[in-house]
Amino acid sequence: MSDAKFITLEGMEGAGKTTCLEFIRTYFSQRETPLLITREPGGTPFAEEIRSILLSPRDEPVSDGVELLLMFAARAQHLEQKILPALQAGQWVLSDRFTDATYAYQGGGRGIDLAEIEHLERLVQKGLQPDLTLYLDVPIDVGLARARGRGELDRFEQQEVDFFERTRDVYLQRAKEHASRFVVIDANQPLADVYEAISLALDAFVTA
Ligand code: TMP
């Protein structure tokens, strides 16, 4: 494997991931470091199809286990077809969400045993972990108000507040447990300050 780095961006609904992603894109292009930006669930045509299955609101109940397996199915495809080839070719990769989201949403939100998630993680990732994870943190009410102001809600955005409280708790817990790769960014402050915090985290990472 080359020394290309794998960065992930995580955050609650309405934390401002999309805006921050553009900031990070600019940060790397100014430094002339090619960065492949991708997302989960999705990132390849096949995995994007799984994404739309997962996100579409539907009347038929979807079991938590099926949701979990589909997340990892999409991830396996994404890793094999896009992330690993890029890293092996020396290209840095930024993924808008990755497995921390599974721990947070399926583990925290849905209540799936974290050990089951860990088992699938080992199977699919074979030890691969992000080198850096930027987690944009906002209080649930702030994030949901922003997300719900955007219009139609996907299957996740339709969840109750409790679901997001549990999701956020797991993100914060993981940030503590994996402190060497996690940086928690307070996304409930003026955008300029959020950008500043991201810049500092990236500066420290790229010069390390
Ligand atoms: P977003 O990243 O565009 O906000 O939408 C993706 C949705 O999918 C979001 O609500 C979080 C959810 N998700 C999971 O539940 N588990 C996962 O493993 C991933 C990657 C995303």
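Reading the values: rules and limits
Residues numbered from 1 in each chain as written. Predicted model: local features only at pLDDT ≥ 70, side-chain atom pairs only at ≥ 80, totals over all residues. Heavy atoms only, no water. Salt bridge = Lys/Arg side-chain N within 4 Å of Asp/Glu carboxyl O. Helix = DSSP H or I, 4+ residues; strand = E, 2+ residues; numbered from the N terminus. Buried < 20%, exposed > 50% of the residue type's maximum accessible area, 1.4 Å probe, protein only. Near = heavy atom within 4 Å. Polar contact = N/O pair within 3.5 Å; in protein donor to acceptor, adjacent residues only side chain to side chain. Areas by Shrake-Rupley, 256 points an atom, 1.4 Å probe, with all protein chains shown as cover. Nonpolar A, V, L, I, M, F, W, Y, C, P; charged D, E, K, R; others polar. Axes fitted to C-alpha atoms, helices over the stretch in contact; angles between N-to-C directions. Parallel < 35°, antiparallel > 145°, perpendicular 65-115°, else oblique. Left-handed = near helix turned anticlockwise from the far one by under 90°. Contact = heavy atoms within 4.5 Å.

### A look at the pattern of salt bridges
Then, in step 1: Considering all chains together, one arrives at 13 salt bridges under this definition.
Then, in step 2: Residue R97 pairs with E10 through a salt bridge whose shortest N-O separation is 3.9 Å. Placement of the pair is R97 in the loop between β3 (92-96) and α4 (99-109) and E10 in strand β1 (residues 6-11), with a sequence separation of 87 residues. For the pair formed by R97 and E10, the shared burial category is buried.
Then, in step 3: Notably, a salt bridge pairs R155 with E67, separated by 2.8 Å at the nearest N-O pair. With R155 in the loop between α6 (140-148) and α7 (161-177) and E67 in helix α3 (residues 64-88), this residue pair connects regions lying 88 residues apart in the sequence. Per residue, the accessibility class of R155 equals that of E67, and both read buried.

### A few points about the site of the ligand
Then, in step 1: Around the ligand, the surrounding shell holds 13 residues, and the nearest of these are K17, R51, R97, T102 and Q106.
Then, in step 2: A distance of 3.4 Å separates an oxygen atom of the ligand from a polar side-chain atom of E13.
Then, in step 3: R75 places a polar side-chain atom, nitrogen or oxygen, 3.2 Å from an oxygen atom of the ligand.
Then, in step 4: Look at the ligand: alone it shows 480 Å² of surface, and the protein chains cover 91% of it.
Then, in step 5: Residues of the shell around the ligand, tallied by class, amount to five nonpolar, two polar and six charged.

### Let's talk about the packing of α6 against α7
Then, in step 1: At a minimum axis separation of 10 Å, α6 and α7 run at an interaxial angle of 120 degrees. By the angle class used here, α6 and α7 are oblique. Crossing geometry of α6 relative to α7 is assigned as right-handed. Contact with α6, carried on its side by I140, L144 and R148, involves V161, F164, E165 and R168 of α7 and no other residues of that element.
Then, in step 2: Taken together, the residues of the contact of α6 with α7 break down into four nonpolar, no polar and three charged.

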